[in-house]
Amino acid sequence: MAASRESVQVNESKPSQSVIGSSLTPQQTIILQKQAQVLLFPFVVKKNKQGQIMSPQNLSEDNSNDEEKPKVKRKHRELGTPAIKAMFPKEEYSQTEPSVVIPRNTKNVLSLSNEMQSNQDGDGEENETADMDGSTELSAYEKKRLKNISENAEFFASLHLVETAARLREMITKKPSHGIKRKKPKKAEDEIVCRRSMRLLKIDPSGVPLPDPSPQPDSVVDQYTRLPPGPLEMIPENQTSENEMFKGVLQMWMKISQPRKKISKQLSNKKSYEASLTGMVISEETVCKVTRSRIYSMAIHPSETRTLVAAGDKLGQVGLWDLAQQPREDGIFTFTLHSQVVSCLNFSPANPAHLLSLSYDGTLRCGDFTRAVFEEVYRNEERSFSYFDFLADDASTLIVGHWDAGVAIVDRRTPGTSYEQFFNSNMSLIRTLQVHPVNRHYFIAAGARDVHIYDLRHLRPKGMKPLISLTEHMKSLASAYFSPVTGNRVVTTCADDNLRVFDTSCLSSKVPLLTRVRHNNNTGRWLTRFRAVWDPKQEDCFIVGSMARPRSIDVFHESGELVHAFMDEECLASVCSINVMHPTQNILAGGNSSGRIHVFKA
């Protein structure tokens, strides 16, 4: 044990750096700092009575109790395996590892590894013994470490990383050229001449240039050119003026359009009404394309002997369909009365021979079948119209809504141009409006997200204050209508996929919400928006289109119950956004976005 203690004292001396410094050139150097030495002592792992592993005991402690124990620095690792504590002298453990400077050149790396190998394989006597004056050999750990360094150096040298890094560095540090290289213009001989039509070149086949047909800046035509003011002749576009059939149809319309006395409407109970709807069917003979484009408005003639349906489309065209004519194409008559969307169509309640049409282009016309002419009732080129309704029972006065939230009262009895009285509302826009069926001094207007009920007796030109406001809607509105007989209910169609029914029996400051019906109203941009309308024959039921499959037209009760769904997989294969019910007969007409009308009849 004395010999072992003696060797420990020798190992505590500083390592000599003469072994490495004598064989390295100034370019090939390995800088070694203080060399860390590891002292290995035998230890024993013991367990206590409970089976736990105790700290390892150094066997040298038992043999050298009389000597001072060296100070050690311990590190504990709390793992699943037994913890082993290595003991190092404090002075030697604090020493850092030697830093090795590896030359960047591959040849120097190889020569360095050879020298290191020769140093490791030196004189055997020097490797086995150490002098007491402080010189010592490299430990086995250092030999293995230097050997690993040399092997790694040879491996990296074989990869040629230094040369590759040098080339990449040169590529990165290469200054980009600031000059702009311009392509030389190609010669005309090298260009490929593309063939172009003489029509696009505006050249006559003989070679003579054609005159420029494009309009001059002073004569630029508007995108939506309004039709000239004044009456238009009732000449169908799809029929000739000398067609005897159309003349006979006009005479027939005159007979069925005679004013009649009002008949008191008797409401049926829910079960009988549902049974009457079940008896209504559709066939191929009651489906036909009437207008060129998407249908935005519809109306049914109130005749009980003849079925006559009118539809207005996106392009300003109004189509009439007489279902009694066979074949179907012979009963269709189209007229271009406006230049933009025909948003509202209504037969006059006082004279069914008059069909009034309103358009976004700021015109309102009345088609008189007795005189075969379309008269101009109201025109305002500075504003865009959205909807209208009859203010008086004799249809002498009208109320017209504007897209800029204005309201106009039009009197048709004024000779020449109709008298207009304009009011500004506090709404952002007006989509639909309707007069109360009983108290005709009230009217309801559907705007962006609010529904307002106004009193005509308190209108002011500078601003209209609503009597009642319905603000339960979360998104934009499509329509709002009073119930047809008493006006005690209001149904609204909103883009938040809800149909709402309000109680307007008492027009006070607050109107309660009776029912909210969950309904898919997401029609998108290619379909006309849904507008839920009341059945004129039934006070408590309304009709609306459906996005469900198979396609259908739904009838709901004011309580939210689905009364009936009109469907037929063969004849009804599209979405009918606009729907209208006959005022006295069991006849339903639905229009889609391709100009096609579907009619269900009893």
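Definitions and limits used
Residues numbered from 1 in each chain as written. Predicted model: local features only at pLDDT ≥ 70, side-chain atom pairs only at ≥ 80, totals over all residues. Heavy atoms only, no water. pLDDT = per-residue confidence, 0-100. Contact = heavy atoms within 4.5 Å. Pairing = 2+ DSSP bridges. Helix = DSSP H or I, 4+ residues; strand = E, 2+ residues; numbered from the N terminus. Axes fitted to C-alpha atoms, helices over the stretch in contact; angles between N-to-C directions. Core = buried A, V, L, I, M, F, W, Y, C linked by side-chain atoms within 4.5 Å. Buried < 20%, exposed > 50% of the residue type's maximum accessible area, 1.4 Å probe, protein only. Phe/Tyr/Trp six-rings, centres within 6.5 Å; stacked < 30°, edge-to-face > 60°. Lys NZ or Arg CZ within 6 Å of the ring centre and 35° of its normal. Expected span 1.5 Å × (residues − 1). Arc of directions from axis to C-beta.

Draft legend 1. Just the confidence of the model for the chain, in detail. The predicted model of the chain has a mean per-residue pLDDT of 78, with 68% of residues at 70 or higher. In this model residues 1–34 is a low-confidence stretch, pLDDT under 50, and it forms 43 contacts with partners more than four residues away in sequence or in other chains. When the criterion is pLDDT under 50, residues 122–135 qualifies, and its contacts beyond four places in sequence or with other chains add up to 13 contacts.

Draft legend 2. Spotlight on the sheet that holds strand β24 (residues 513–518). Strand order in the open sheet formed by 4 strands is β21-β22-β23-β24, and the pairing between neighbours is antiparallel. The open sheet terminates on both sides in strands that have one partner only, identified here as β21 (477–482) and β24. Strand-to-strand twist across the sheet, computed as the mean angle between neighbouring axes with direction ignored, equals 15 degrees. Relative to β24, strand β23 (residues 498–503) is paired through 5 bridges, and the arrangement is antiparallel. Bridged to R500 within β24 is R516.

Draft legend 3. Structural detail: the sheet that holds strand β20 (residues 468–470). The 4 strands lie next to each other as β17-β18-β19-β20, forming an open sheet whose pairing is antiparallel. A strand with exactly one partner marks an edge of an open sheet, and here the two such strands are β17 (432–435) and β20. Averaged over all adjacent pairs, the angle separating strand axes in this sheet is 15 degrees, with direction ignored. Pairing analysis gives 5 bridges linking strand β18 (residues 442–446) to strand β19 (residues 451–455), with the strands arranged antiparallel. Considered in β19, the bridge of A445 is made with H452.

Draft legend 4. Broad picture of the nonpolar core. One finds L364, Y378, F388, L398, V400 and F542 to be the most contacted residues of the largest nonpolar core, which totals 30 residues. When residues in this core are grouped by element, the largest group, 4 residues, is from strand β13 (residues 385–390). Every residue in contact with L398, bar those within four places of it in the chain, is listed here: L356, L364, V377, F388, D389, F390, L391, A408, I409, V410 and R412. L250, V318, L337 and F347 belong to the second largest nonpolar core, which has 22 residues in total.

Draft legend 5. Focus on the packing of aromatic side chains. Under the criterion given, the structure shown has 12 aromatic pairs. Both rings, one in Y378 and one in F385, keep their centres 4.9 Å apart while their planes meet at 10 degrees; by these two values the pair is stacked. Like Y378, the residue F385 is buried in the burial classification. Every member of this aromatic cluster is reached through a ring pair, and the members are W253, F333 and F369. The ring of W526 has R525 lying over it, and the distance from NZ or CZ to the ring centre is 4.4 Å.

Draft legend 6. Fine view of helix α7 (residues 140–159). Between the first and last C-alpha of α7 there are 29 Å, a value that for 20 residues agrees with the 28 Å anticipated at 1.5 Å per step. Taken together, the buried positions of α7 are occupied by E142, R145, L146, I149, S150, A153 and A157. Down the axis of α7, the smallest arc covering the buried residues is 135 degrees, so these residues share one side. Seen from the buried face of α7, the exposed residues on the opposite side, beyond 90 degrees, are A140, Y141 and K144. Within two residues after α7, H160 carries a phi angle of roughly 55 degrees, on the positive side.

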